[in-house]
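Residue-level structure breakdown
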Amino acid sequence: MESHVGAYEFQDYNGDGIKDILIQNISDVRSNWTYYLYLMDLKHDRLTKIKNFNQIKNPHYLPEYNLIDNEVMSGRNWTSFYQIRKDTIFDFGYVIYDGEDDNGNTVDFEKEYDKTLSKVLKNKDYSK
């Protein structure tokens with residue numbers, strides 16, 4: 001089941017100080033929202049649609065790192081890291097799970113988040 005409520009938000013998603021446009025795409029059964037992202041370019045008077053941004057559930061911009069993380073609610077909640085590259089989303093390929101690991105041990109989410117963020121910042125594909 002999914003919902004289309006037509007919500008929109010204005011938030012800076014590329015660190016240029018100009019609020020960009022988020023238009024709600026879908027909301028699934030666990031309230032995982034996805035959006036289309038349009039970056040505002042006032043200098044050239046245009047909008048740029050970011051490809052594959054609508055695949056990121058519950059996106060959150062981290063301006064201090066120029067990264068996007070997310071929090072996906074599912075049978076096992078998880079988080080990943082992304083970055084905008086020109087007009088496309090780059091997925092760093094790291095996934096942090098919340099709750100229990102495959103062996104039934106409780107995951108220290110904050111510790112794993114910090115450790116994974118550190119890996120992203122050291123990744124050869126990362127650029128601030």
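Just above sits the structure.
Below is a short write-up of the structure. (Residues numbered from 1 in each chain as written. Predicted model: local features only at pLDDT ≥ 70, side-chain atom pairs only at ≥ 80, totals over all residues. Heavy atoms only, no water.)

This part covers the overall build of the protein. Along its length, the protein carries 1 helix and 9 strands. Taken against the 2.2 N^0.38 rule, which gives 14 Å for 128 residues, the C-alpha radius of gyration of the protein at 16 Å falls within 12% of a compact globule. Viewed in the frame of its principal axes, the protein has a C-alpha envelope of about 55 × 40 × 20 Å. In the protein, the share of contacts with a sequence separation of at least 24, taken over all contacts with a separation of at least 6, comes to 38%. When the accessible surface of the protein is split by element, carbon and sulfur atoms take 49% of a total near 8,000 Å². The average position of the 16 basic charges and that of the 22 acidic charges among the side chains of the protein differ by 7 Å. (Helix = DSSP H or I, 4+ residues; strand = E, 2+ residues; numbered from the N terminus. Rg over C-alpha atoms; globule rule 2.2 N^0.38 Å. Contact = heavy atoms within 4.5 Å. Areas by Shrake-Rupley, 256 points an atom, 1.4 Å probe, with all protein chains shown as cover. Lys, Arg positive; Asp, Glu negative; His and termini not counted. Charge placed at Lys NZ, Arg CZ, Asp CG, Glu CD.)

As a further point, take the pairing of strand S7 (residues 67–70). Burial along S7 is two-sided: the residues Leu67 and Asp69 and Ile68 and Asn70 are all buried. Taken together, the 2 bridges between S7 and strand S8 (residues 78–85) define a ladder with antiparallel strand orientation. Looking at the pairing, Ile68 lines up with Tyr82 of S8. (Buried < 20%, exposed > 50% of the residue type's maximum accessible area, 1.4 Å probe, protein only. Pairing = 2+ DSSP bridges.)

Here the focus is the nonpolar core. Counting 13 residues, the largest nonpolar core has Tyr13, Leu37, Ile50, Phe53, Ile68, Ile84 and Ile89 as the members making the most contacts within it. When residues of this core are assigned to their parent elements, the largest contribution, 3 residues, is made by strand S4 (residues 33–41). Of all hydrophobic cores here, the second largest spans 9 residues; its members include Phe81, Phe92, Leu117 and Tyr126. (Core = buried A, V, L, I, M, F, W, Y, C linked by side-chain atoms within 4.5 Å.)

Time to look at the sheet that holds S8. One open sheet holds the 4 strands; their spatial order is S6-S7-S8-S9, and the pairing between them is antiparallel. The sheet is open, and its two edges are formed by strand S6 (59–62) and strand S9 (88–97), each paired on a single side. Across the sheet, the mean angle from the axis of one strand to that of its neighbour is 25°, orientation sign disregarded. Where S6 lies against S7, 4 bridges are found, and the strand directions are antiparallel. When the bridges of S7 are listed, Leu62 appears paired with Leu67. The strands touched by helix H1 (residues 109–122) are S6, S7, S8 and S9; relative to S9, the strand with the most contacts, the crossing angle is about 145°. (Axes fitted to C-alpha atoms, helices over the stretch in contact; angles between N-to-C directions.)

This paragraph deals with a nonpolar patch on the surface. Judged by side-chain polarity, Tyr8, Phe10 and Ile23 come together as a nonpolar surface patch covering roughly 320 Å² of accessible area. Looking at the element boundaries, Tyr8 is found in strand S2 (residues 8–11). (Patch = residues over 30% accessible without salt bridge, like charges linked within 9 Å, V, L, I, M, F, W, Y side chains within 5 Å. Salt bridge = Lys/Arg side-chain N within 4 Å of Asp/Glu carboxyl O.)

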